[in-house]
Amino acid sequence: MSVLSGQHLFDRDVPRFLESPAGILPPYPRRTWLRWTMRGILALPLVIVVVRYALLAPEPWHDTANQALLARVRDGAGAADFGQLLTTFSPPLGALPALVLPSELLLALGGALLGGFFLQGLDQAMFRRGLHGIIRLVVLVSLLISPVFVLLSATDITMFGAVVLFGLGLIDIVRFENLANTQAGFRAGLLLGAAAMTDVRAIPLVLTVAIVGTLLIHSRPQARAANAVIVAFPTVAVTVALALAGVIIGSGPLTFLRADATSAARAIEALVSDPLSEPLMLYLAPVLVVAITAGVFGFARSGVMMLLIAVGALAGVLVGSPLIAAAALAYLLVHISVAILPTESPAQHAAIVVMCSVLVGVVGWVVASRLPEAQEWSVVFTGFGPVPSGGGNG
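Computed from a predicted model, the values in this text were never measured in an experiment.

**Structural notes on the overall build of the chain**
Part 1: When helices and strands are tallied, the chain shows 18 helices and zero strands.
Part 2: For the chain, the proportion of its 394 residues judged to be buried stands at 51%.
Part 3: Carbon and sulfur atoms provide 70% of the accessible area of the chain, an area that totals close to 17600 Å².

**Brief notes about the packing of aromatic side chains**
Part 1: Within the structure shown, the criterion is met by three aromatic pairs.
Part 2: The interplanar angle of 10 degrees and the centroid separation of 3.8 Å between the aromatic rings of Tyr28 and Phe127 together place this pair among those described as stacked. Here the residue Tyr28 occupies a position in the loop between helix H1 (6-12) and helix H2 (32-56), and Phe127 occupies one in helix H6 (residues 104-128), the gap between them amounting to 99 residues.
Part 3: Residue classification places Tyr28 among the partly exposed positions, given a relative accessible area of 24%.
Part 4: According to the relative accessible area criterion, Phe127 is partly exposed, its value standing at 38%.
Part 5: Taking the centre distance of 5.2 Å and the plane angle of 75 degrees together, the rings of Phe149 and Phe160 count as edge-to-face. Of this pair, Phe149 sits in helix H8 (residues 147-155) while Phe160 sits in helix H9 (residues 157-177), and the two are 11 residues apart along the sequence. The same class applies to Phe149 as to Phe160, namely buried.
Part 6: Looking at Arg39, its charged tip hangs above the ring of Trp36, at a distance of 4.3 Å from the centre.

**A few points about unusual backbone geometry**
Part 1: Backbone torsion omega between Tyr28 and Pro29 reads -10 degrees, so that peptide bond is classified as cis.
Part 2: If you trace the backbone, Pro29 turns up in the loop between H1 and H2.

**Section: the side chain of Thr198**
Part 1: Tracing the backbone through its elements, the reader meets Thr198 in helix H10 (residues 182-198).
Part 2: Among the polar contacts listed, one links the side chain of Thr198 to the backbone oxygen of Ala194, at a separation of 2.7 Å.
Part 3: Ignoring any residue separated from it by four or fewer positions in sequence, one finds Thr198 in contact with Pro91, Leu93, Gly94, Thr158, Gly161, Ala162 and Leu165.

**Notes on the packing of H10 against helix H12 (residues 224-248)**
Part 1: As a packed pair, H10 and H12 sit with axes 7 Å apart at the nearest point and diverge in direction by 30 degrees. Between H10 and H12, the crossing angle belongs to the class labelled roughly parallel. The crossing of H10 and H12 is right-handed. Across the interface between the two elements, Gly185, Phe186, Gly189, Leu190, Leu192, Gly193, Ala196 and Met197 from H10 touch Ile230, Val231, Pro234, Thr235 and Val238 from H12.
Part 2: Looking at the contact of H10 with H12 residue by residue, the classes come out as nine nonpolar, four polar and no charged.

**So, the side chain of Arg39**
Part 1: For Arg39, the position within the fold is in helix H2.
Part 2: At 10.0 Å, Asp123 is the nearest oppositely charged side chain to Arg39, a buried residue that forms no salt bridge.
Part 3: Leaving out residues up to four positions away in the same chain, Arg39 has contacts with Gly116, Phe117 and Gln120.

**Some thoughts on the pattern of salt bridges**
Part 1: Per the stated rule, a full pass over the model turns up three salt bridges.
Part 2: Here Asp123 and Arg136 are joined by a salt bridge, their closest N and O atoms 2.8 Å apart. Separated by 13 residues along the polypeptide, Asp123 in helix H6 and Arg136 in helix H7 (residues 133-144) bring together distant segments of the chain.
Part 3: Assessed through its relative accessible area of 3%, Asp123 is described here as buried.
Part 4: Of the charged contacts, one joins Asp172 and Arg187 as a salt bridge, the two residues approaching to 2.9 Å between their closest N and O atoms. On the criterion of sequence distance, the pair formed by Asp172 in helix H9 and Arg187 in helix H10 is long-range, its members being 15 residues apart.
Part 5: On the basis of relative accessibility, which here comes to 29%, the residue Arg187 falls in the partly exposed class.
Part 6: In this structure, a network of salt bridges that share partners links the residues Asp172, Arg175 and Arg187.

**Let's talk about the confidence of the model for the chain**
Where the model shows low pLDDT, its predicted coordinates should not be examined in detail.
Part 1: Per-residue pLDDT for the chain has a mean of 75; in total, 64% of the residues score no lower than 70.
Part 2: For the stretch residues 6-12, pLDDT sits under 50, and the model shows two contacts to residues farther than four places along the chain or on other chains.
Part 3: Low pLDDT (under 50) marks residues 384-394, which in the prediction has 27 contacts with non-local residues, meaning those over four places away or in another chain.

**Concerning H8**
Part 1: Among the nine residues in H8, nine count as buried, and that is most of the element.
Part 2: Along H8, the residues that are buried comprise Pro147, Val148, Phe149, Val150, Leu151, Leu152, Ser153, Ala154 and Thr155.

What counts, and where the lines are drawn
Here the residue index of a chain counts from 1 through its sequence in written order. Since the coordinates come from a predicted model, pLDDT governs what is reported: local features require at least 70, and pairs of side-chain atoms require 80 or more to be given and counted, while whole-chain, interface and lining totals use all residues. The basis for every side-chain value is the complete set of heavy atoms in the structure, and neither hydrogens nor water enter the calculation. Strands here mean DSSP runs of E at least two residues long; helices mean DSSP runs of H or I at least four residues long; both are numbered from the N terminus. For each residue, the accessible area found with a 1.4 Å probe, counting protein chains only, is set against the maximum for its type, and the residue is called buried under 20%, exposed over 50%, and partly exposed in between. Exposure was quantified through the Shrake-Rupley algorithm and a 1.4 Å probe, taking into account, for residues, occlusion by the shown protein chains and nothing else. Any Phe, Tyr or Trp ring, taking Trp's six-membered ring, that has another such ring centre within 6.5 Å forms a pair; planes under 30 degrees apart are called stacked, those over 60 apart edge-to-face, and the others tilted. Charge over a ring is defined by NZ of Lys or CZ of Arg lying within 6 Å of the ring centre and within 35 degrees of the ring normal. Here a polar contact means two N or O atoms within 3.5 Å. Within protein one must be a hydrogen donor candidate and the other an acceptor candidate, and residues neighboring in sequence count only if both atoms are side-chain atoms. Note on definitions: a residue-residue contact is assigned when non-hydrogen atoms from the two residues lie within 4.5 Å. Note on definitions: angles span 0 to 180 degrees between N-to-C directions of axes, and those axes are lines fitted to C-alpha atoms, for helices only across the stretch in contact. Angle categories: roughly parallel below 35 degrees, roughly antiparallel above 145, roughly perpendicular from 65 to 115, and oblique for all the rest. Crossing chirality is assigned from the near helix's rotation relative to the far helix, an anticlockwise turn below a right angle marking it left-handed and a clockwise turn marking it right-handed. When residue character is reported, Ala, Val, Leu, Ile, Met, Phe, Trp, Tyr, Cys and Pro are called nonpolar, Asp, Glu, Lys and Arg charged, and the others, Gly included, polar. In this charge count, Lys and Arg are treated as positive and Asp and Glu as negative; neither His nor the chain ends contribute. For this analysis, a salt bridge means a side-chain nitrogen from Lys or Arg found within 4 Å of a carboxyl oxygen belonging to Asp or Glu. A residue's pLDDT is the predictor's confidence in that residue, given on a scale from 0 to 100.

What follows is the structure, given as structure tokens:
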């Protein structure tokens, strides 16, 4: 019988890749005032679009997710029944913006500022991975001119907040599993848990990204399963706690989802009965673009990871999200993930990032052209065509 020595155990646990010898990387830009200036500059285009829309649209914020959120919180704030309170304020972080920013315009401006904060974090992550400034600029501009990114930031603060938390969590997952940064791993779990507490559509995404993490190039390959548990545990704990709260008050374990069973069943039926429908094709388009591009460069693993993330977005139909909205979400997450997920070759990674950002950006405009909610926005944004009275359903 062989006995493992203490030295062997230490040698086995030595990571293959390290983010830095000290375990800490300086922020980028290094000076605090420069980071905040950069966030403000990146948020400025979103703020301009919001103000332009508020001034020019005949019925700004009509029938948007932000408007529905404010009405739900306003109606449920005085409820005495705990079941109604659970429904109104679940998930809890999703209702918080409506309490702090009690108008559609303030929520839209808050989303714009949140977008600037996220884009600076994304740029910092790309800088740390060694991507050239021009490549990073391509990614940031492609997101800033994306109708889906602008629309979500200004009309759906809960989903956009979940996307931002998901994106920041994915950055930390890469630092944790690819670069052996343990602190980033715990932070990733908390960020993804916060995303699930912001919008229930993020729950399947978080569980999916825990699986995606096992496919990354690992610094400690033996720890794949343990790392997935660390990433997913906060989300699972939050979900179970909210489900138990519903059981205790007698309203059922799925009360916190606020799901419309009829809408969910209709979306699932449409998905199964017509697998070649336009919404599903729009949903698959960005995934296929990334998968084909990754395959051409010899990174089939990256294509599989993008496919899994998109499948997690599609699971939103289970809680009543329209299929076209799931397609828009999948596009946005794939667009963000392209810049974050690592490959073995920095040069080829840079090529994939540029090509996918441009191609997926084009697909994003096609997706947005089919979103009823985006049509009024695109008219106001470009100044072309008559502005319809009223938007979509957020």
